[in-house]
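Observations on the model geometry
Listed here are the chains, written in short residue letters.
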Amino acid sequence: MRFMQTAAAAAIASAFFCGSAFAASPTVTLYGIVNTGLTYTHQKTAPGKSTDTVQMDSGNYLGSRFGLKGEEKITDTTSVGFILENGFSSDTGTGSDDNRIFGREASLYAKNTNFGTLRFGRLTQLSGSTGSSSIMGGKFSALSTGGGIVYGHNAVFAGKFGRFDNVINYSTPTWNGFDLHLQYSGGIDMKSETPTGRENTGSTTRNGAIGARYMKGAFSTIGVVDTYHYANTQDDAGYTANLSVAYDFNVAKVFLAGQYFKDMRYLGKAAINDTVSGASVFGNSTAKDGWGINLGATAPAFGGKFYAAVGYMDADHSDDTAGKLKRYTVSLGYDYSLSKRTLVYAGAGYMHDKYDDFAATTVGSAYNYGVTAGLVHKF
């Protein structure tokens, strides 16, 4: 098996680097985004209990970050490059992504115009929202995965929607609007699973995914199927099947996205908030089955852009014990560019959870709503 893997890698490398050899001067770019805003949130988490919060936030529109990226042209058809990207909180100066120095992305890639692109390293999962390896992001739904109190499709979908360690990613060239994507991680979070975790064994959580896009003219469709093999367990692997269609009517672009999930422990970035989700009754220790749907639209308005989305999720415990969750979300947003590098934004969101048949909890429902506004500067 190791010989076959080595031979395959050698064949791919040979295909990538064939062509007229020459060296071009590499280019290295420093870039980044700083996003700071204010958010008001009201949460009702149990009968008769609620909290109101006003706080400064970072990344409610775009994640604050800085990075380095570089690329060198090796032949007339092949380039090699890298991306090193750090995430941070602009309100406190602390690091994000579990304080990894390049937690948002640390990748090396080889790109050939005839054969596609190979990427290696810490990358966004295929169904994530940002990064060089994600194919969904803002193309999959009106608000992508949202930010803070403004909910995207991940609030009603299952999945990590984040970054994975030890990723191998391959993307084909685009043929008449169509491209195909394959991705595998032999250990999605080695920092938390070390020292006992070892790549490509049952001691680590592994992820595999396949996705395809067709984007031509006003119409686009994106599909992704991914699976999670959980660490240190004989439980069934979890998987999701995702599909989105969109059409640009010029006056507005409309998105419809749906997901079916089976044996999934993760209920999206917003959904795994234990406070909102009711005392962890739907936390990451239990497998869930269900489905979600998200409908949204974007439209130019008053010199900026308007965003709107509604979502619904229906989930229950995979082991057939009593436990059901129904979730409803509504989100609105608006941004306005002050210049090529600076914009202002505002948004509002509402999430309502309804729980049924939980003998161990008194939480029958929980809801969360609020508003946010802020400033983004890109460099």
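The structure presented is a predicted model; accordingly, all values stated were derived computationally and were not measured.

So, how was this worked out
- Residues numbered from 1 in each chain as written.
- Predicted model: local features only at pLDDT ≥ 70, side-chain atom pairs only at ≥ 80, totals over all residues.
- Heavy atoms only, no water.
- Helix = DSSP H or I, 4+ residues; strand = E, 2+ residues; numbered from the N terminus.
- Buried < 20%, exposed > 50% of the residue type's maximum accessible area, 1.4 Å probe, protein only.
- Areas by Shrake-Rupley, 256 points an atom, 1.4 Å probe, with all protein chains shown as cover.
- Polar contact = N/O pair within 3.5 Å; in protein donor to acceptor, adjacent residues only side chain to side chain.
- Core = buried A, V, L, I, M, F, W, Y, C linked by side-chain atoms within 4.5 Å.
- Contact = heavy atoms within 4.5 Å.
- Phe/Tyr/Trp six-rings, centres within 6.5 Å; stacked < 30°, edge-to-face > 60°.
- Salt bridge = Lys/Arg side-chain N within 4 Å of Asp/Glu carboxyl O.
- pLDDT = per-residue confidence, 0-100.
- Pairing = 2+ DSSP bridges.

**Some points on the overall build of the protein chain**
- Scanning the protein chain from N- to C-terminus turns up four helices and 19 strands.
- Looking at the 379 residues of the protein chain, the share that counts as buried comes to 47%.
- Total accessible area on the protein chain stands at roughly 17900 Å², and carbon and sulfur atoms take up 60% of it.

**Some thoughts on the side chain of Asn 112**
- Along the chain, Asn 112 falls in strand S5 (residues 105-112).
- Within the structure, the side chain of Asn 112 is placed 2.8 Å from the backbone nitrogen of Asn 114, a separation counted as a polar contact.

**Topic: the nonpolar core**
- Counting residues in hydrophobic clusters, the biggest one holds 27 residues, and the most contacted among them are Phe 261 and Met 264.
- Not counting residues up to four positions away in its chain, the partners in contact with Phe 261 are Ala 158, Tyr 239, Thr 240, Leu 267, Lys 288, Asp 289, Gly 290, Trp 291, Met 313, Asp 314 and Ala 315.
- Ranked by size, the runner-up nonpolar core spans eight residues in total, among them Leu 143, Ile 149, Tyr 151 and Ala 309.

**Side note on the environment of Ile 149**
- Secondary-structure assignment places Ile 149 in the loop between strand S7 (146-147) and strand S8 (150-151).
- Residue classification places Ile 149 among the buried residues on the basis of a relative accessible area of 4%.
- Residues Ile 149 and Thr 372, 223 residues apart in the sequence, show an inter-C-alpha distance of 7.2 Å.
- Each residue touching Ile 149, except ones within four places of it in the same chain, is listed here: Thr 39, Thr 41, Ala 348, Gly 349, Asn 368, Tyr 369, Gly 370, Val 371 and Thr 372.

**A word on the packing of aromatic side chains**
- Evaluated as defined, the whole model comprises 12 aromatic pairs.
- Between Tyr 312 and Tyr 328, the aromatic rings sit 5.2 Å apart at their centres with planes inclined by 50 degrees, giving tilted as the arrangement. You can see Tyr 312 sitting in strand S16 (residues 304-317) and its partner Tyr 328 sitting in strand S17 (residues 324-337), a full 16 residues away along the chain.
- Take Tyr 312: its relative accessible area is 18%, and that puts it in the buried class.
- Centroid distance Tyr 367 to Tyr 369: 6.1 Å. Interplanar angle 5 degrees. Geometry classified as stacked.

**Let's talk about the pattern of salt bridges**
- Scanning the entire structure with this criterion turns up 11 salt bridges.
- Here Asp 98 and Lys 191 are joined by a salt bridge, their closest N and O atoms 4.0 Å apart. Of this pair, Asp 98 sits in the loop between strand S4 (78-87) and S5 while Lys 191 sits in helix H3 (residues 190-193), and the two are 93 residues apart along the sequence.
- Overall, the relative accessible area of 45% leaves Asp 98 in the partly exposed class.
- Its salt-bridge partner being Arg 265, residue Asp 235 comes within 3.1 Å of it at the nearest N-O pair. Note that Asp 235 is positioned in the loop between strand S12 (219-229) and strand S13 (238-248) and Arg 265 in the loop between strand S14 (253-264) and helix H4 (274-277), a separation of 30 residues in sequence.

**Focus: the confidence of the model for the protein chain**
- Residues with a pLDDT of 70 or more make up 86% of the protein chain, whose mean pLDDT is 88.
- pLDDT under 50 marks residues 1-12. Its contacts with residues more than four places away, or in other chains, come to one contact.

**Overview of unusual backbone geometry**
- Positive phi, normally seen in glycine, also occurs at Asn 166, with a value near 55 degrees.
- Its location among the elements puts Asn 166 in strand S9 (residues 163-171).
- With relative accessibility at 25%, the residue Asn 166 sits in the partly exposed group.
- A positive phi is found at Asn 232, a non-glycine position, where the angle reads about 55 degrees.
- You can see Asn 232 is positioned in the loop between S12 and S13.

**Considerations on the pairing of strand S10 (residues 178-185)**
- Of the two faces of S10, only the one carrying Asp 179, His 181, Gln 183 and Ser 185 is buried; Phe 178, Leu 180, Leu 182 and Tyr 184 on the other face are not.
- Pairing between S9 and S10: five bridges, direction antiparallel. By the bridge assignment, Val 167 is partnered in S10 with Ser 185.
- With antiparallel pairing between neighbouring strands as the criterion, S9 and S10 make up a hairpin whose turn holds six residues, including Asn 176 at a positive phi of roughly 50 degrees.

**Quick word on the side chain of Ser 64**
- Here Ser 64 shows up in the loop between strand S2 (49-58) and strand S3 (65-73).
- When its relative accessible area of 3% is taken as the criterion, Ser 64 is described as buried.
- A distance of 3.0 Å separates a polar side-chain atom of Ser 64 from the backbone nitrogen of Asn 35.
- Non-local contacts of Ser 64, meaning those with residues more than four positions away in its chain, are made with Ile 33, Val 34, Asn 35, Ser 58, Gly 59, Asn 86, Gly 87, Phe 88, Ser 90 and Arg 104.

**Some points on the environment of Tyr 367**
- As for its position among the elements, Tyr 367 is in strand S19 (residues 365-378).
- Along the primary structure Tyr 367 and Ser 50 are separated by 317 residues, whereas in three dimensions their C-alpha atoms are 9.4 Å apart.
- Among residues more than four places away in sequence, those in contact with Tyr 367 are His 42, Gln 43, Lys 44, Tyr 350, Met 351 and His 352.

**So, the pairing of strand S6 (residues 116-124)**
- In terms of residue burial, S6 counts as a mostly covered element, since seven of its nine residues are buried.
- As defined by bridge partners, S5 adjoins S6 across seven bridges and the pair is classed as antiparallel. Considered in S6, the bridge of Ser 107 is made with Gly 121.
- Remark: three residues form the turn of the hairpin made by S5 and S6, two consecutive strands paired antiparallel.

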